[in-house]
Amino acid sequence: MKPPRKLHIKSYGCQMNVYDAQRMVDTLAGVGFVETANADEADLVILNTCHIREKASEKVYSELGRLRVAREEAARNGRDMRIAVAGCVAQAEGDEIIRRAPVVDVVVGPQSYHHLPELLARAERGGKAIETEFPAEDKFTFLPQPKSDAIRGRGISAFVTVQEGCDKFCTFCVVPYTRGAEVSRPVEKIVEDVKRLAENGVREITLIGQNVNAYHGAGPDGRAWPLGKLLHRLAAIPDVARLRYSTSHPRDVEGSLIEAHRDLPALMPFVHLPVQSGSDRILSAMNRKHTVRDYRDVIDRFRHARQDIAFSSDFIVGFPGETEQDFSATLALVTQIGYAAAYSFKYSPRPGTPAADMRETVTTADMDERLARLQELIDSQQSAFNKATIGTTVDVLFERAARNSGQIVGRTAYLQPAHVMASTGLIGQVLPVRIDSLERYSLIGELAPVPPSQSRPISSSPPTIGA
Ligand code: 5AD
Ligand code: SF4
């Protein structure tokens, strides 16, 4: 029997790339590959790339430089190392990647991962293989299901892609070009995936999509189901303790999603809802299709449905034409909303997007200064949010052994890491933890007595802290 070949995947960027990397591992397992954490000993290295901001794209080429050296070293030891570039840079740049980095054998876009074995075989026959089409068939039909062992090895929290692509065309964003038009998977396929994950020990499911709340997959009744209805269906699957979804667009929050937050204890009260800017003028230039007022109204609807709900967001500073006044409006919005966490980025022009041609650019110095001010405000809100948990009891879903021996670590409803001294036998359970202190972003506490009414191994009771 041939020994298994070794595969190393390095993923950059969003949660969907993490999910896609697992699908690639499952696909290549079918042709005899096993994963290795060490790129140098791999027979196949895949860089699963991100194109969202300039910095993310640049990383690919510096990594390819390193891999060229590793490949030469492998060749000296009589071993072939193949190199593939997957993900959004592959989609956006296609054969340009091979021109810039001839060390690359395979370039494969996100819609073609089910063709990987075939592309690799082509490269092994001595050629280069490039596939960045949007094939007519649906890759999900062809991507193999993970084996039970693989699911168990990946832990108690899993992503499930429910939709891909985006039709919003924000003027700064490459996603509609790299991931294509918005497509939703059918309800029954998602139910099958979630059941299989739950049967193999997964307790927390995060539904992912570039614009997840635009979900409109075909339901078993032949109608298009919105995300809220899908969440209701998934909450009925035994042993699913927690449900989350990401990333949402404020324009696509419809009634069923708000109702899901009101009605489903398993649906975590933490929503990532990017706004990008607090200025209507900039939102309009970004083609966001919502105003600041619309965004605040959506937040109010969520809060009305579930009082303990908290939010995170994304912000871009220095979008072309952003004045100090526009930026102040962003700070004012952040102050008004009060976030549990948020990500902020300096605008970077992406080739092919409308904003890349806008002339009124903001200087790097202004961008740096605005980013620092925004991040300081966000950090202070996040610290206040975390500090408010001290002395309270919160539900934690335990995920794994911590680095410190004897400790295990899990997450609260708001994704805060929480550490306690306890047996690894509790991994996979949701248990109340009394929070004693805070170490940077981690909560430290001890197991609290479980009230008799909740003394089931899996509890989906709402947490006891508010936003
Ligand atoms: N420049 C800076 N940030 C960007 N994002 C998307 N495109 C760009 C860009 N061109 C940010 C947005 C988005 C997040 C995933 O990345 O805030 O929500
Ligand atoms: Fe990009 Fe999100 Fe806008 Fe779609 S909604 S274009 S993914 S920023």
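These notes cover the structure that comes with them. These figures come from a predicted structure and were not determined experimentally. For every chain, the first residue of the written sequence is number 1, and numbering continues from 1 along that sequence. Both sets of labels track the order of writing: A upward for chains, 1 upward for ligands. Residue-level local features of this predicted model are given only where pLDDT is at least 70; pairs of side-chain atoms are given and counted only at 80 or more, and the full residue set underlies all totals for whole chains, interfaces and linings. Note that the side-chain values use all heavy atoms of the structure and ignore hydrogens as well as water.

### Some thoughts on the site of ligand 2
Under the convention used in this document: Near is defined per residue: the residue qualifies when any heavy atom it owns lies within 4 Å of the molecule or strand. Ten residues, namely Ala, Val, Leu, Ile, Met, Phe, Trp, Tyr, Cys and Pro, are considered nonpolar, four, namely Asp, Glu, Lys and Arg, are considered charged, and the remaining ones, Gly among them, are considered polar.
Within the structure, ligand 2 sits among Cys-166, Lys-168, Phe-169, Cys-170, Phe-172, Cys-173, Val-175, Pro-176, His-249 and Arg-288. Tallied by class, the residues present in the shell around ligand 2 amount to seven nonpolar, one polar and two charged.

### Remarks on the environment of Pro-451
Convention followed: Each helix is a run of DSSP H or I of at least 4 residues and each strand a run of E of at least 2, with the numbering of both proceeding from the N terminus.
If you trace the backbone, Pro-451 turns up in the segment after strand 19 (442-447). For Pro-451 and Pro-432, which are 19 residues apart along the polypeptide, the C-alpha to C-alpha distance reads 9.1 Å.

### Some remarks on the sheet that holds strand 5 (residues 106-108)
We apply this condition: Only strands that DSSP links by at least two bridges are regarded as paired with each other. Here, axes are lines fitted to C-alpha atoms. For helices the fit covers the stretch in contact, and angles between N-to-C directions go from 0 to 180 degrees.
Strand order in the open sheet made by the six strands is 2-1-3-4-5-6, with parallel pairing throughout. With one partner strand each, in any of the chains shown, strand 2 (33-35) and strand 6 (129-131) form the two edges of the open sheet. Averaged over all pairs of adjacent strands, the angle between their axes in this sheet comes to 20 degrees, without regard to strand direction. In the sheet, strand 1 (residues 5-11) pairs with strand 3 (residues 44-49) via five bridges, with the strands oriented parallel. Within strand 3, the position partnered with Leu-7 by the bridge is Leu-44.

### Side note on the nonpolar core
The nonpolar side chains of a soluble globular protein tend to be buried with one another. Selection rule: Grouping buried Ala, Val, Leu, Ile, Met, Phe, Trp, Tyr and Cys residues that are joined through side-chain atoms within 4.5 Å yields what is termed a nonpolar core. Partly exposed describes any residue whose relative accessible area lies between the buried limit of under 20% and the exposed limit of over 50%, with all areas from a 1.4 Å probe on protein chains only and scaled to the type maximum. Residue contacts are counted whenever heavy atoms from the two residues lie within 4.5 Å of one another.
Formed by 54 residues in total, the largest nonpolar core has its most connected members in Leu-207, Leu-231, Tyr-245 and Phe-302. Setting aside residues up to four positions removed in sequence, Phe-302 forms contacts with Tyr-245, Val-253, Leu-257, Ile-258, His-261, Val-271, Leu-273, Ile-309 and Phe-311.

### Thoughts on the pairing of strand 4 (residues 82-86)
In summary, the side chains of a regular strand alternate between the two faces of the sheet. Filter applied, for reference: Seen with its strands pointing away from the viewer, a crossover is right-handed when the path leading from the first strand over the helix to the second is clockwise.
The buried fraction of strand 4 is high, at five of five residues. Every second residue of strand 4 is oriented toward a common face, with Arg-82, Ala-84 and Ala-86 on one face and Ile-83 and Val-85 on the other, all of them buried. Sheet topology places strand 3 next to strand 4; five bridges connect them, and they run parallel. Bridging from a neighbouring strand, Asn-48 pairs with Ala-86 of strand 4. Where the polypeptide runs from strand 3 across helix 2 (residues 54-76) and back to strand 4, its parallel neighbour, the crossover connection is right-handed. Relative to strand 5, strand 4 runs parallel, the two sharing three bridges. The residue of strand 5 that forms the bridge with Ala-86 is Val-108.

### Comments concerning helix 10 (residues 227-235)
The following threshold applies: Read the arc as the range of directions from the helix axis to the C-beta atoms.
Turning to helix 10, its buried residues are Leu-227, Gly-228, Leu-230, Leu-231 and Leu-234. Buried positions in helix 10, seen along its axis, are confined to an arc of 160 degrees and lie on one side of it. Lining the buried residues of helix 10 we find helix 9 (187-199), strand 10 (204-208), strand 11 (242-246) and helix 11 (255-263).

### Notes on the site of ligand 1
Note the cut-off: Any pair of nitrogen or oxygen atoms within 3.5 Å is treated as a polar contact; in protein, a donor-acceptor pairing is required on top of that, and neighbouring residues in sequence qualify only through side-chain atoms on both sides. Per-residue accessibility takes into account occlusion by the displayed protein chains alone, with areas from the Shrake-Rupley method and a 1.4 Å probe.
In the vicinity of ligand 1, the residues found are Ile-52, Arg-53, Phe-172, Gln-276, Asp-314, Ile-316, Phe-345, Lys-346, Tyr-347, Ser-348 and Arg-350. Between ligand 1 and Arg-53, the relevant distance is 2.7 Å, taken from an oxygen atom to a side-chain nitrogen or oxygen of the residue. Between ligand 1 and the protein, one listed contact pairs a nitrogen atom with a backbone N or O atom of Phe-172 at 3.0 Å. In the complex, 87% of the free accessible area of ligand 1, which totals 400 Å², lies under the protein chains. Residue assignment for the shell around ligand 1 shows that the elements contributing at least two residues are strand 13 (310-317) and strand 14 (341-346). Taken together, the residues of the shell around ligand 1 sort by class into five nonpolar, two polar and four charged.

### So, the packing of helix 1 (residues 15-29) against helix 5 (residues 116-124)
We count it as follows: Angle categories: roughly parallel below 35 degrees, roughly antiparallel above 145, roughly perpendicular from 65 to 115, and oblique for all the rest.
Packing of helix 1 against helix 5 leaves a shortest axis separation of 9 Å and a crossing angle of 65 degrees. When the interaxial angle is binned, helix 1 and helix 5 end up roughly perpendicular. In this structure, helix 1 contributes Met-24, Thr-27 and Leu-28 to the contact, and helix 5 contributes Leu-116, Pro-117 and Leu-120.

### A word on helix 9
Heads up, the condition is: Multiplying 1.5 Å by the helix residue count minus one yields the expected span of that helix.
End to end, helix 9 covers 18 Å across 13 residues, agreeing with the expected 18 Å (1.5 Å per residue, within 8%). Within helix 9, the full set of buried residues consists of Val-187, Ile-190, Val-191, Asp-193, Val-194, Leu-197 and Ala-198. Angular distribution of buried residues about the axis of helix 9 spans 165 degrees; they occupy a single face of the element. Looking at the buried positions of helix 9, the neighbouring elements they touch are helix 1, helix 7 (148-153), strand 7 (157-161), strand 10 and helix 10. Looking one or two places after helix 9, you find Gly-201, whose phi comes out positive at around 95 degrees.

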